[in-house]
Every structure is written in C-alpha cells, then in structure tokens.
Amino acid sequence: MKAKEVIQLLEEVRKTRPLIHNITNTVVTNFTANGLLSMGVSPVMANAPEEAAEMAKAANALVINIGTLNREQVKAMRMAGIAANEKGIPVVLDPVGAGATAYRTETALALLEELDVALIRANAGEMAALLGESGTVQGVDASGEADNSKIAKEASRRFEAIAAVTGVEDAVAHQGEVFIVQNGHTLLTKVTGTGCLLSSVAASFLTVQHSAGAVAAALAYYGAAAEIAGSLTTREGPGSFQIELLNALHATQEMDLRHYIRVKQES
Amino acid sequence: MKAKEVIQLLEEVRKTRPLIHNITNTVVTNFTANGLLSMGVSPVMANAPEEAAEMAKAANALVINIGTLNREQVKAMRMAGIAANEKGIPVVLDPVGAGATAYRTETALALLEELDVALIRANAGEMAALLGESGTVQGVDASGEADNSKIAKEASRRFEAIAAVTGVEDAVAHQGEVFIVQNGHTLLTKVTGTGCLLSSVAASFLTVQHSAGAVAAALAYYGAAAEIAGSLTTREGPGSFQIELLNALHATQEMDLRHYIRVKQES
Amino acid sequence: MKAKEVIQLLEEVRKTRPLIHNITNTVVTNFTANGLLSMGVSPVMANAPEEAAEMAKAANALVINIGTLNREQVKAMRMAGIAANEKGIPVVLDPVGAGATAYRTETALALLEELDVALIRANAGEMAALLGESGTVQGVDASGEADNSKIAKEASRRFEAIAAVTGVEDAVAHQGEVFIVQNGHTLLTKVTGTGCLLSSVAASFLTVQHSAGAVAAALAYYGAAAEIAGSLTTREGPGSFQIELLNALHATQEMDLRHYIRVKQES
C-alpha cells in the first residue's frame, strides 16, 4: 500500500468528519475522545440502555470496547450494536482483556455471535483467547509471541469480519487479503488506552471505505503518528509521549506521513 | 465589564476556596477535577444515590452534567439537587448532548422542572433543543449558527435561570441583563470536556456572587486562560493545549487577565 | 532507610513486573493506569461483580479505592478482596473521602472488618475519620494539621494493618516500626489522583516485600519522582507537573534517587 492511499483515506475521513459512537471502558474515555478530536472526527460516548440505540442510529460508526464491562453496559452494547447493524454502519469490537476472565471472553464471543461486526481489533493474546487457544495474559496490554498474521487470518475466517492483530508488527486480514503494518513505537505500550483509541481511529477509516486496506491505512497513520511522537519524547518518557501523540494525530500532514508509512501486502 | 471586576471575583473565589460537588460524565471527571484544582478551588465527585445528597450538603455549589447519564446517576442528581436547593447553594446544569437523544433532552427538562437551577451552561444546539427548536447535532461539541444572545435570553426567561450559551462568542442572560464574552480559542473545540470544566468554573464564581455578571466573569477568565494556552501551543496542537490550559488556569495573574478580558454588556 | 534499599526494592518490582488489580474511582482510572505503566508494572481494572474475583486471582496485588463508590462496585470490592485474601496477595485500601459522607466511612470500615487488609493509605483527615475522630474535610485531598505519625500508629494497631498517613511528611507504621518519609512536592496537591496512584505504587512494592519498610520505600520513590517533576515545572504549573510526574516515575534512575531519598525511622 502506498503512502498516497493512506493520505487520501485520511483526508476523506477529515472531510466527512464522521460521528463515532464509543461504548468504552472508564479508563480510556477521555483519551479516546481527545484522540478522535485531534485527528479531526467527532466522538460521542453514550453507555446507558435508555439511549445507546438512538445514539448509534445518529452515528457513522460504533465502537464496542469491553475494558471495564458491566451488566448495564453490555445491555447497551447489544442494543447499540443491533441499531448499528440495522442502519448499516460499521461496528468495531475491541475485546480488551479477553482471556483474562471468563466474563470478558464469553461477552466478546456472545457479541460476535449476535452482531454483524465489521472489525475486531485486538492484541495477539486477546484474539487467541477468542479463538480458544491457550495464552497467558499479563495485564491487558500484552502481546504474545505468536504470529499475528496467522492469528488474524484465522480470526477473520472464524468470525467473518476484518481482523486486526496489533503488536510490534500489525496484521490485518479479510477474505484472502493480508496487510502487514510496520509502523508504531515502543512507547505505545507505556500509555494506557493506545490500543482502544486505535480501534476508534480504525472505525473512522471504515466509515469512508469498508475494507481491510482501510483498516491497514488507519493503523499505518496511527503508527506513524506514534513514531513522530516517540522521536520527540524518547528522553522525556510516557507522560510527554501521550501528549505528543495527540499533537501528531492532529498535525500529521502529507509530507510527514509519506516519510513514515510502511505497509506491505502479503501475497 | 472591566477586567478589574473579573480579577476581583477570581481572587474572591480563590480566597474562599469553595468545594464544588460534580456529578458529571465519565469522559471528563479527571479533567474537571484537575481544572478546578488548577484554578484554586476544591472538586469533589460523588455519583451514588447513597451519598449524593450528603455530599451536596457539604459543598458550596453543585454541578450536574448529563454527558454519560444513566438511571442510578440521574437518581443521584435529583437527590443532590434537592439537597442543594434546601441548603441554598447554586445548582449548575450542563445538558451535554441535549437534542442528541430523547433520554438526554427529557432528563434535562425533568431536572429543570424539579430543581431550582441557578445556571444552565450549554452550546447553542443543546440550548435550542431544550427550548424545543430543531437543530442538528454533530457530536456533543457542536455549536449551531444561531444567535447565542437570542437563545440565552429565551432560555433564561423560559427556565427562570441564568443562561449561558457558549461558542465563538458567549452570551450570558438573566433578568434583562445580557453579557457578551469574546474570549476563547479555537483549540477549545479540539479537547474534550472544555465545556464541562467551564460549567464547573462558572459554579465556582457563583459561590461568591449570584449574578449573570459573575458567570460572564467566569467565562472571560476561562476564555482568557484558553487564549494564553493557545498562544503557547498553536504549533504543537490539542495535546499540548490541554496541558497549557491547566497551567494557565493556575497561573493567570492580574496582568495577564487585564490584557485579554473582553466582555461587553448589551444595552 | 538508605537510598540503596529503596532502589533495590524498585528494581525488584520492575524485574518481577507485578499485575496490579485496581478497583478504583472514575476520576483517576486513566492516571493510575498510566502511572503504573510508567513505573514499569502492569495495571488492570475490573469493577464488575461478574469478574472481580477472577481478576484478583490472576493479579499480584489488589487496590480498593472508594473515591466514587456505588453499590455494584462495593460488591465487586468484597468479592475481589475475599479472592485476594484466599490467594494471599496484598490488599491495599484507599479510603478516599472517608469522613465526607457516612456511606464512605461505613463502607471503608465494613471492608476493613471483612477483609484482611495489608495496607491502608490515606491522608490524616480520612484516617482520623476511620478512627472515629472528628475532622473537617475540604474536598478529598485535604490533610489535617494532626500528627501523621500518631495517627498512623493508632490506625495500624486498630486495623491490624500497615498504615500510611501521607501529607507534607508521610508516616508509615506497623508493629512497632515507624518510618517518616520527607519526600514529595507541593504540586502533588494540585493534581487529582496523586494519592490514589500512590496507593497503587505502594501495592506494587508490597508484592516484593510485605513490610512497613517497603511501603516507606514506595512513598520515598514516588515523592522523589514528584520532586524531580516539580523542579522541572514550577514555572509552568499543575498541567505540566502531571506529565513530568509520569516521566519521572518512568525514568528515575539510581543516581537521581540517591540524591533525593529522605526516609527516617523513628526510634
């Protein structure tokens, strides 16, 4: 994939300024909203069963994140998901901590069963847990040593969705296509919610093109922004990196992206 | 309104260090608390029906924000609001996303019906929704093209409260008085919760003087802090702006404010 | 206590990279997770009764923080606490706002009654409230003028736990031992959640050594990081301090700590 295609998709996202409805965990709500505002789209959060479906109907994409799930929120996720499917907008599932508890794994699998999910974005450990493979979980940010590409292909087949497995190298698979994204920065693992925000960034790209390529472009844009942020803050550390990541998502212009984007397509 | 009056009110707020009880949304709790601490007042958050009324009775003002409302929280809002009314402390309502879903609009209107609200702080779209006028909502941060002054006057009459409609220019109306505040910065629209924090800042000013003028002063102080923050971060972006806004709320001294404050009174 | 001992404990924590399960308030979830990631340990948040016990069993320590408690969360705290006791991992209680409402004081006391708590970390006003002494509360960040050492000793005896009372000077007491930690910075009082994060940092140290000395070491490390952050941001203010505190927790190396650590043991 050429940098030019990533840039065109980003510009299309910014021009249409989609409304992204996030039902997400309490740890990352603020960072997710700020990341989306920085990149140039509109976030909205609405968790209550009383309004989740109505909000989803007003949105251009729905992101479901189970990072601090509870009964009422899962109810809201279902209602919003059904409304999103009816409207035909993309639904993105971020199965945070799948494998860490039975409640998370089972909730994620039930949502995949009930809803038409466009994209699952997870790390290798979480995706393996959904596939029923064994894995150890260290916090929710861990990535296994497994082959991201293999896991993504298997998850895409099993759940009939685009599957993005992120880690040192990201893999995006769907219907025979596999993209490998080599962007990113190690400091992403030192800031909470960077994966959650990435899921919402990918949802934004899906509003302009429903394809594995659009997801790969989102990952490359995000990873490139992280590299720019990382180059500015290696000496300072994770606090400054978090701020510069927001700045980079906002400012990243064609010239910067051209320099960073590294996306390969597996043949 | 002269800069001197704004400064005197701010100094009075800082001297008395009011305790502001916030029942607010999960997206902005951290930013709201940090903003209040930075400006020199004491925030407290308490959302449970079991303690909301008792906490309100210990506070100097109550802020009700419906940004991620749910059944239990609305119950707590009612109980805290009644307790605040009994004690006679100001109640501020921030109807985040009114108009976006029926649940939000109806909850905001029900709270306005049941409680004696001192101030409603909203953008034009939200306030118009409360007034029953049509409007489109793009996220919760949108502001319509409507005349803020006209909307504020109408809302103040209808709800018998000070009404502050914020946007590029802010309007504050109550009982024949109308203030226009021309402070602010475009980067405020790129950081989530800047409106929510503003509602809590206005609540702080209401603890020292119950008037439309005190609210206008709060808006001018906040807008001036945003201008100072914006002047430091235009090149960096929204991440850095958010940090510098907290710094500016903390540090803004008489000399800086004098330079920025722009508040007119409509005749 | 020598700086060398603090450094050895910190290195041991970083080497073992414990998983810290936090059931905490909605204001500080993000800051707590980022602080723990910065210092080099793994945070996990899980509040639902459906999974709290299972998550605690997977963790190396459990932190219970009542800053925005509600019925469901208290249920989860109990279940997680019992599971943590069964597994034998340390349970840390942060009784945020005890004394501010009856619900908080009673919940904290009930948890202390039901669970085997390894450490209570609080400010003087909160700890005094648990001990039934009168005190005024200004927000949740206030510290009284009382003698922290005296309160810590009394709390340790009464609740049969390590007791850490933090303020300008921190006191840590347990079974005849009392440590006084003189590290810290005044800007810590201008950022929300700095006490909450400290409780989770202390939990991390308890995973490598169950002693009052390990808690004192955690407080000294954290206070030293705050001093480093404060020295970089006195002119900027609380916004920048918050970021530099995360940076300092990440970067603080042996040489820096050696220069700052000030821990005395009462004879």
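Since this is a predicted model, take the numbers as computed values, not measurements.

Asker: Quick question: what am I supposed to make of the sheet that holds strand β5 (residues 119-123) of chain A here?
Answerer: Adjacent strands of a sheet form backbone hydrogen bonds with each other and so pair up, either parallel or antiparallel. Residues and elements named next belong to chain A. The strand order across the open sheet built from nine strands is β2-β1-β3-β4-β5-β6-β7-β8-β9, with neighbouring strands paired in mixed fashion. Looking along the sheet, the strands with just one partner apiece sit at the ends: β2 (42-45) and β9 (263-265). With direction set aside, neighbouring strand axes in the sheet form an average angle of 20°. Strand direction decides the pairing type here: strand β8 (residues 177-181) and β9, joined by three bridges, are antiparallel. Counted as the bridge partner of I180 is K264 from β9. Against the sheet, helix α9 (residues 212-233) touches β5, β6 (162-166), β7 (170-174), β8 and β9, its axis set at about 5° to β8.

Asker: Whenever I open this one, the packing of aromatic side chains confuses me. Can you help?
Answerer: A ring pair, where both rings are aromatic, is described by two values, the distance of the centres and the angle of the planes. Residues and elements named next belong to chain B. Across all of its chains, the model carries three aromatic pairs over all chains by this definition. Ring plane angle 35° and centroid distance 5.9 Å describe the contact between F205 and Y221, whose orientation is recorded as tilted. In this pair, F205 is assigned in helix α8 (residues 194-206) and Y221 in helix α9 (residues 212-233), connecting sequence segments 16 residues apart. Note on F205: relative accessible area 0%, which makes it buried.

Asker: For this particular structure, what's the right way to read the interface of chain C and chain A?
Answerer: By a widely used convention, the size of an interface equals the accessible area lost when the partners come together. Listed as interface residues are 26 residues of chain C and, on the opposing side, 29 residues of chain A. With both chains or domains summed, chain C and chain A bury close to 2300 Å², and 52% of this area falls on carbon and sulfur atoms. The tally of links from chain C across to chain A stands at three salt bridges. The partner of E50(C) in a salt bridge is R71(A), and the shortest N-O contact between them spans 2.9 Å. Taken together, chain C and chain A are joined by 11 residue pairs in polar contact (both at pLDDT 80 or more). If you list the elements that add at least two residues to the side of chain C that touches chain A, you get α2 (29-39), β2 (42-45), α3 (52-58) and α10 (238-251) of chain C. The residue makeup of the side of chain C that touches chain A, split by class, is 11 nonpolar, nine polar and six charged.

Asker: Help me understand the UniProt feature "binding site: substrate" (unreviewed entry) in chain A, please; the structure alone is not making it clear to me.
Answerer: Listed under "binding site: substrate" (unreviewed entry) in the UniProt record, and renumbered for this structure, are M45(A) and G193(A). Its location among the elements puts M45(A) in strand β2. Classification of M45(A) as buried rests on a relative accessible area of 7%. Those residues in contact with M45(A) that sit more than four places away from it in its chain are N22(A), T24(A), T29(A), T32(A), A33(A), V27(B), G67(B), T68(B) and R104(B). When you line up the elements, G193(A) lands in the loop between β8 and α8 (194-206). Judged by its relative accessible area of 4%, G193(A) is buried. When near neighbours in sequence (up to four residues on either side) are disregarded, G193(A) contacts V28(A) and F31(A).

Cut-offs applied
- Residues numbered from 1 in each chain as written.
- Chains lettered and ligands numbered in written order.
- Predicted model: local features only at pLDDT ≥ 70, side-chain atom pairs only at ≥ 80, totals over all residues.
- Heavy atoms only, no water.
- Pairing = 2+ DSSP bridges.
- Helix = DSSP H or I, 4+ residues; strand = E, 2+ residues; numbered from the N terminus.
- Axes fitted to C-alpha atoms, helices over the stretch in contact; angles between N-to-C directions.
- Contact = heavy atoms within 4.5 Å.
- Phe/Tyr/Trp six-rings, centres within 6.5 Å; stacked < 30°, edge-to-face > 60°.
- Buried < 20%, exposed > 50% of the residue type's maximum accessible area, 1.4 Å probe, protein only.
- Buried area = accessible area lost by both parts, 1.4 Å probe.
- Salt bridge = Lys/Arg side-chain N within 4 Å of Asp/Glu carboxyl O.
- Polar contact = N/O pair within 3.5 Å; in protein donor to acceptor, adjacent residues only side chain to side chain.
- Nonpolar A, V, L, I, M, F, W, Y, C, P; charged D, E, K, R; others polar.
- UniProt positions renumbered as here; feature names shortened; annotations may be inferred.

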